[in-house]
Amino acid sequence: MKYICIDDGALAEFISGRSYQSIDFEEGDKLIQALSGNIQFLLKLKNVVFLQDKEGVFITTLGAWKKKKYLVIDCEKSALFTQLRSAESLQSFQKLMRFCAKYWSGGLLNKSEKIVSGSTKAVIFPLPYSTSPYRIVIEREPMNERLKKRDMSGQFLLVYKTGWEGANSATEIADETNFKRVIDRLADVYLQVSKAAEGAPVTNRFDQVNSTALNGDLGSKRPVHTPYDDWLPQLTRQQQIFVRAPMGTPHRLHGPAGTGKTLSLLLRTIRILRSAEENTLNCNALLITHSEATRQSIKDALQVIDPDDFQSRDKNLERVSLSVETLASLCANTLRQSISETEFVDRDAQDSKLLQQMYIEEAVRRVKSEDLASFIPHLSEGFRKFINEVDDEDLAHLFQHEISVLIKGRAGDSFDTYKNCPPLKYGLPIENDADKGISFRVFKRYQEQLEAASQFDTDDVVISAVGQLDTPIWRRRRSREGYDFIAIDETHLFNINELHVFHHFTRNVDSLPISFTVDQAQSVGDRGWNDIDSVSELFGGETSASEISTPVSTVFRSSPQIRDFCQSVLASGATLFTNFDDTLSLSTSAFTNEDERRSQPVKYLDFADDNALVEGAFNRADKLQSLTQSNRSQVLITTMNDEVLRKLKEHSISNNKPTSYLERRGDFTKQRQAEKSGHMVLGHADFVGGLEFDVVIIVGVDKGRVPQEGETANSNSRSFSSYAAHNRLYVAASRARFALEILGVQSRGPSELLAVAERNGLISGVEQ
Ligand SMILES: Nc1ncnc2c1ncn2[C@@H]1O[C@H](COP(=O)(O)OP(=O)(O)OP(=O)(O)O)[C@@H](O)[C@H]1O
């Protein structure tokens, strides 16, 4: 193939169809294969006619050819479709076409699109993140004299070079041999196109003519909720594989934020239930969410996605049903074990989080004054130094993490089991049993306070549930009350102990029909997951079933700029911590040109002091709301810092800003409330997971606050805060669809977590 010629009508179709944005869609994959000459063009695309022969391909639409504009790619002089991986080729091709559309309509160019001054050239850098960037070089006025005579000057853009090497584009002369071939054939090509449209035979000079106006583009609409049958054709190949896979084997769906994991899990569950219904089989399914708030949001989504309304059916009366539960509600319903709201310390709720922190800080103080002396001679040197150096507040954060992930989360309150748990890489610097002894003392002191206040935390519920589930009584009830299929959303938020509960709920002891979604980078801090590979280790149980794992990598939620920024945060985490995954590294955004029109560049803005910062956050919120044409409830202001959150709240109250406050993780009810009353949403970064917004503003991402630096600087506490800060910033930023801004105070300077993004030109600052 010598050349590819695409007219402006066809180009508009390509940039607006969602399924042409990623090779994860069959259409996107076929397009890139055809462009690279591996297969014939057999795409079905509304109103587009492909004419292909040995020389080249014309991708055309009906209409007067002299009035059209054309992108011509010289395939012999450039290697756009052969020198990159398919995903990158498609991304580059999409960026190239977007540049053409903007250039022709006089739109604003972005930083990766450059008109070379004093020349007729343009250069685009389509791929983010590289020391020597990949470039596509374009001649904007090929064969200008001749085309002027035909009254067609300015209607052609010619790609004549691609690669990683720079050159003096101003003096370079594009080879026009292939371009001339295109020009000479255009009139004839469009004659054939109009004949094909009328159904007349086409001359056999073209090996293949493919004209279709059958399938409208399914992907360009962006519904909040769509019924099951309408979703299926819009799924990527990976999503389809997951949705359609047999139910009996454990199946992991893993991918970064916004790749449709939750959606795919819901569709998979519905598919399994529908198929059971069609085949008159029994199937009681269970869908587990991490918190009550996400349970509500999933139940709400199911009302639209699932027209059969499986969730309203009574499990005890119907053959096919779906129960949506949290771990606590599951234990309450099945084990008749119920804890009232006032007794429950829920780690997803704002009040409980603060209460738990307070209890643990008090526990640390008491251990230091009452227990530490007797332990000192036995402690490892590193731990002794650590506990003496670090202040109580910082210590409390680390002990809280140790208790929740290891002591309760993994060891189930038992010191002997805890002694055998491998220590966390980025947490308390534990080296020997005496070090573990101290941390167990802190846990005991914390437990005493809970008991004194007659309160239970989530882990207590689980630990006592495990006790009840592992008994002959439950084993007998299980075949009657267990589930045929279990789906778990956001598995990374559960600790190992909690995960071990689920297998007790399957109807059969020896199978593990569990499907689950994971993005480890979204849980906060090192969770010690890395030494756990197999599902049986993850979920426990007696099965030797091997797991199927499907990755998803097309980001639907966020614009390409926001995706790139989120990746820079993960990349920064991955360079600092050996067990930190950059799950976004191979992902692409499926944003269409239409979505991109609403997108804004990612910015870092600094302010004189905290008061200006807080005021600035609300001003930017108003501005971005109008720039992205969003509703007020689609704007989120968030922060990772408690003090900044307090100031933001105060400001919103004293200035009568209509605002709804998130009170727990994934606070769906508050988001709904905001929607009804036209409020914007404000909340701590710990509570924004699971939600999505058009605009996100993260406040106080500056030195000293992200990561939070305590009064004492110890390398272990620094690593822990930095690890957690990477997780939190990633979760907060990945909530954004169209606009993301990050704000800080000038004298502090931007947080070190932004360094990778800054270095790669992914964030820009503007004047105040
Ligand atoms: N194939 C698709 N076509 C169009 N939109 C999609 C597709 N898959 C998912 N989406 C949309 O992408 C958004 C993110 O989906 P979802 O919340 O399921 O992602 P997630 O991977 O669970 O995200 P997170 O990990 O951040 O919670 C939703 O708005 C969803 O409707």
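Residues numbered from 1 in each chain as written. Predicted model: local features only at pLDDT ≥ 70, side-chain atom pairs only at ≥ 80, totals over all residues.

### Structural notes on the overall build of the protein
This is how the line gets drawn: A run of H or I in DSSP counts as a helix once it spans at least four residues, and a run of E counts as a strand once it spans at least two, with each numbered from the N terminus. Residues with at least 20 other C-beta atoms within 10 Å of their own are called buried, those with 12 or fewer are called exposed, and the rest are partly exposed. The C-beta atoms themselves are positioned from the backbone. Contacts are defined on C-beta atoms placed from the backbone: any two residues whose C-beta positions lie within 7 Å are in contact.
Summing up its helical and strand segments, the protein has 26 helices and 25 strands in all. Taken over the C-alpha atoms alone, the protein extends approximately 95 × 70 × 50 Å along its principal axes. Buried residues in the protein amount to 50% of all 768 residues. Look at the contacts in the protein between residues 6 or more apart in sequence, and 77% of them connect residues 24 or more apart.

### Notes on the pairing of strand β4 (residues 70-74)
Put simply, the rule is: In this description, strands pair whenever DSSP reports at least two bridges between them.
Of all the five residues making up β4, five are buried; the element is thus mostly covered by neighbouring parts of the structure. By the alternation rule, side chains of β4 split into Tyr 70, Val 72 and Asp 74 and Leu 71 and Ile 73, which are all buried. Bridging between strand β1 (residues 3-7) and β4 involves five bridges; their strand directions are antiparallel. Of the residues in β4, the one forming a bridge with Ile 6 is Leu 71.

### Quick look at the nonpolar core
Here is the rule we go by: Put simply, a nonpolar core is buried Ala, Val, Leu, Ile, Met, Phe, Trp, Tyr and Cys residues tied into one set by C-beta atoms within 7 Å.
With 95 residues, the main nonpolar core has Phe 565, Ala 617, Val 695, Val 696, Leu 729 and Ala 733 as its most contacted residues. Of the residues forming this core, the biggest block, nine residues, is contributed by helix α25 (residues 715-733). Sequence-distant contacts of Ala 733, that is, excluding residues within four places in its chain, are made with Ile 562, Phe 565, Cys 566, Val 569, Val 696, Ile 698 and Leu 740. With 51 residues, the next largest nonpolar core counts Leu 267, Ala 276, Phe 516 and Val 518 among its residues.

### Observations concerning the UniProt feature "binding site: ATP" (unreviewed entry) in the protein
Put simply, the rule reads: UniProt positions are given in the numbering used here, feature names are shortened, and annotations may be inferred rather than shown by experiment.
This chain's UniProt record puts "binding site: ATP" (unreviewed entry) on Gly 255, Pro 256, Ala 257, Gly 258, Thr 259, Gly 260, Lys 261 and Thr 262. Position of Pro 256 among the secondary structure elements: in the loop between β10 (251-254) and α8 (261-278). Ignoring anything within four residues of it in the chain, the contact list for Pro 256 reads Asp 519, Val 555, Thr 583, Leu 584 and Ser 587. Tracing the sequence through the fold places Thr 259 in the loop between β10 and α8.

### As for the sheet that holds strand β22 (residues 659-661)
Across a sheet, strands are paired by hydrogen bonds formed along the backbone, either parallel or antiparallel in direction. The line we're drawing: Throughout, an axis means a line fitted to C-alpha atoms (over the contacting stretch in the case of helices), and angles, computed between N-to-C directions, take values from 0 to 180 degrees.
An order of β20-β25-β24-β21-β23-β22 is seen for the six strands of this open sheet, with the pairing classed as parallel. Sheet topology places β20 (603-607) and β22 at the edges, where each strand pairs with a single neighbour. Taken over all neighbouring pairs, the strand axes of this sheet differ in orientation by 25° on average, direction set aside. Relative to the sheet, α25 contacts β21 (635-639), β24 (693-699) and β25 (736-745), its axis offset from that of β24 by approximately 145°.

### Structural notes on the site of the ligand
Basically, it comes down to this: Proximity of a residue to a molecule or strand is defined by its backbone-placed C-beta atom lying within 6 Å of that partner. Put simply, Ala, Val, Leu, Ile, Met, Phe, Trp, Tyr, Cys and Pro go in the nonpolar bin, Asp, Glu, Lys and Arg in the charged bin, and everything else, Gly too, in the polar bin. Domain segmentation is taken from an automatic or database assignment of domains.
Taken together, the neighbourhood of the ligand is formed by 17 residues, with Ala 257, Gly 260, Lys 261, Thr 262 and Phe 556 sitting nearest. Grouping the amino acids of the shell around the ligand by side-chain chemistry returns four nonpolar, nine polar and four charged. Residues lining the shell around the ligand come from more than one domain, with at least three contributed by each of domain 2 (228-340 + 460-555) and domain 4 (560-759).

### Here we look at the confidence of the model for the protein
Short version of the rule: Confidence of the predictor at the level of single residues is captured by pLDDT, which takes values from 0 to 100.
Across the protein, the average pLDDT comes to 86, with 90% of residues at 70 or higher. Of the regions scoring below 50 in pLDDT, residues 202-224 engages in 43 contacts with residues more than four places distant in sequence or in other chains. Scored as a whole, the predicted complex attains pTM 0.84, and scored at its interfaces, ipTM 0.98.

### Some remarks on the packing of helix α2 (residues 26-35) against helix α3 (residues 86-105)
Two quantities define a packed helix pair, namely the angle between the helix axes and the distance between the axes. Rule in force here: Roughly parallel means an angle under 35 degrees; roughly antiparallel means over 145; roughly perpendicular covers 65 to 115; every other angle is labelled oblique.
At a minimum axis separation of 10 Å, α2 and α3 run at an interaxial angle of 90°. Relative to α3, the element α2 is oriented roughly perpendicular. Along the contact surface, α2 presents Gly 28, Asp 29, Ile 32 and Leu 35, while α3 presents Ser 86, Ser 89, Leu 90 and Phe 93. Counted by class, the contact of α2 with α3 contains four nonpolar, three polar and one charged residues.

### As for the packing of helix α20 (residues 560-576) against α25
Which entries qualify depends on this criterion: Note on convention: the crossing is left-handed when the near helix lies turned anticlockwise from the far helix by less than a right angle, right-handed when the turn is clockwise.
For the pair α20 and α25, interaxial distance at closest approach is 9 Å and the crossing angle is 165°. Taken together, the axis directions place α20 and α25 in an arrangement best described as roughly antiparallel. Read as a crossing pair, α20 and α25 show a hand that is left-handed. Of the residues in α25, those touching α20 at Ile 562, Phe 565, Cys 566, Val 569, Leu 570, Ser 572, Gly 573 and Leu 576 are Ser 722, His 726, Leu 729, Tyr 730 and Ala 733. Considering only residue class, the contact of α20 with α25 consists of nine nonpolar, four polar and no charged.

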